Amino acid sequence: MYQNYKNVEIVKPGGLELKDRLVGVQRVTKVTKGGRAFGFSAIVVVGDENGVVGHGLGKSKEVATAIAKAIEDAKKNLVRIPLTKATLPHEQKGKFGGARVFIKPASHGTGVIAGGAVRAVLEAVGVHDVLSKSQGSSNPHNVVKATFDALLQLRSADTVAKQRGVSLEKVFKG
């Protein structure tokens, strides 16, 4: 799932205090010769509010079981996101399908300026000060995946220094 990203740290759910956030539930209708068959799909984001986050999709005939399946799926896809204090290390754009997300670090006390699905992901990660803009599609599935695309491209200053083979001081001072 995360093969296209460099330096992604996949995390096992054991021993983590994970909180789940329901992003959305959709009712899906399948028309058959016997009438309409209703099902539900749920998208959930789980995180420890300290840099670990995952998202999952669950489908079922009942809402409760769809949510439970989504939570289980999200726990299988946990990744660690680099954070700087209570914000992001740098600004980043993410894209998935028709959804585009722009996230930018903010000064202390700003809060999470984000809408709907982006807010759910950023709060699950544990970001407290961030500015964001969601453009294009507002489909929650694609917006969550676009937000993950942006978050997975983030690199801490330590990582940048290590990849460039220079000191941390040189990264900031040039």
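If you're wondering where the values come from, they're calculated on a predicted model, not measured in any experiment. (Residues numbered from 1 in each chain as written. Predicted model: local features only at pLDDT ≥ 70, side-chain atom pairs only at ≥ 80, totals over all residues. Heavy atoms only, no water.)

Running from N to C, helix α2 (residues 116-125) and helix α3 (residues 140-152) point in directions that differ by 40 degrees, and their axes come no closer than 8 Å. Considering their axes alone, α2 and α3 lie oblique with respect to each other. Crossing of α2 against α3: the hand is right-handed. Between α2, through A117, V118, V121, L122 and V125, and α3, the contact on the second element is made entirely by P140, V143, V144, T147, F148 and L151. (Axes fitted to C-alpha atoms, helices over the stretch in contact; angles between N-to-C directions. Helix = DSSP H or I, 4+ residues; strand = E, 2+ residues; numbered from the N terminus. Parallel < 35°, antiparallel > 145°, perpendicular 65-115°, else oblique. Left-handed = near helix turned anticlockwise from the far one by under 90°. Contact = heavy atoms within 4.5 Å.)

How big an interface is tends to be reported as the loss of accessible area on association of its parts. Domain annotation for the protein chain reports domain 1 (7-77) and domain 2 (82-163). Of note, the centres of domain 1 and domain 2, computed from C-alpha atoms alone, are 20 Å apart. The partner domain 2 presents 17 residues to the 19 residues of domain 1 that form the contact. For the pair domain 1 and domain 2, the summed buried area comes to about 1,400 Å², and 70% of that belongs to carbon and sulfur atoms. Contact with domain 2 buries area across many residues of domain 1, yet N7, R21 and H55 alone supply 33% of it, more than any other trio. The partner of E123 in a salt bridge is R21, with the nearest N and O atoms 2.9 Å apart. (Domains from an automatic or database assignment. Buried area = accessible area lost by both parts, 1.4 Å probe. Salt bridge = Lys/Arg side-chain N within 4 Å of Asp/Glu carboxyl O.)

It is worth spelling out the pairing of strand β2 (residues 19-32) at this point. Pairing of β2 with strand β3 (residues 35-47), which is carried by 13 bridges, proceeds in the antiparallel orientation. Looking at β3, one finds that V25 is bridged to A42. What sits between β2 and β3 in their antiparallel hairpin is a turn of 2 residues. (Pairing = 2+ DSSP bridges.)

This part takes up the nonpolar core. When a protein is soluble and globular, its nonpolar side chains tend to lie buried together. Ranked by internal contacts, the top residues of the largest apolar core, which has 27 residues, are V53, I81, I103, L122 and L151. For this core, the leading source of residues is α3, giving 7 residues. Two domains each provide a minimum of three residues to this core, namely domain 1 (7-77) and domain 2 (82-163). I103 has contacts with L88, E91, Q92, L122, V130, L131, S132, A150 and L151, leaving out every residue within four places of it along the chain. Formed by 11 residues, the second largest nonpolar core is a distinct cluster that contains A42, V52, A66 and L78. (Core = buried A, V, L, I, M, F, W, Y, C linked by side-chain atoms within 4.5 Å. Buried < 20%, exposed > 50% of the residue type's maximum accessible area, 1.4 Å probe, protein only.)

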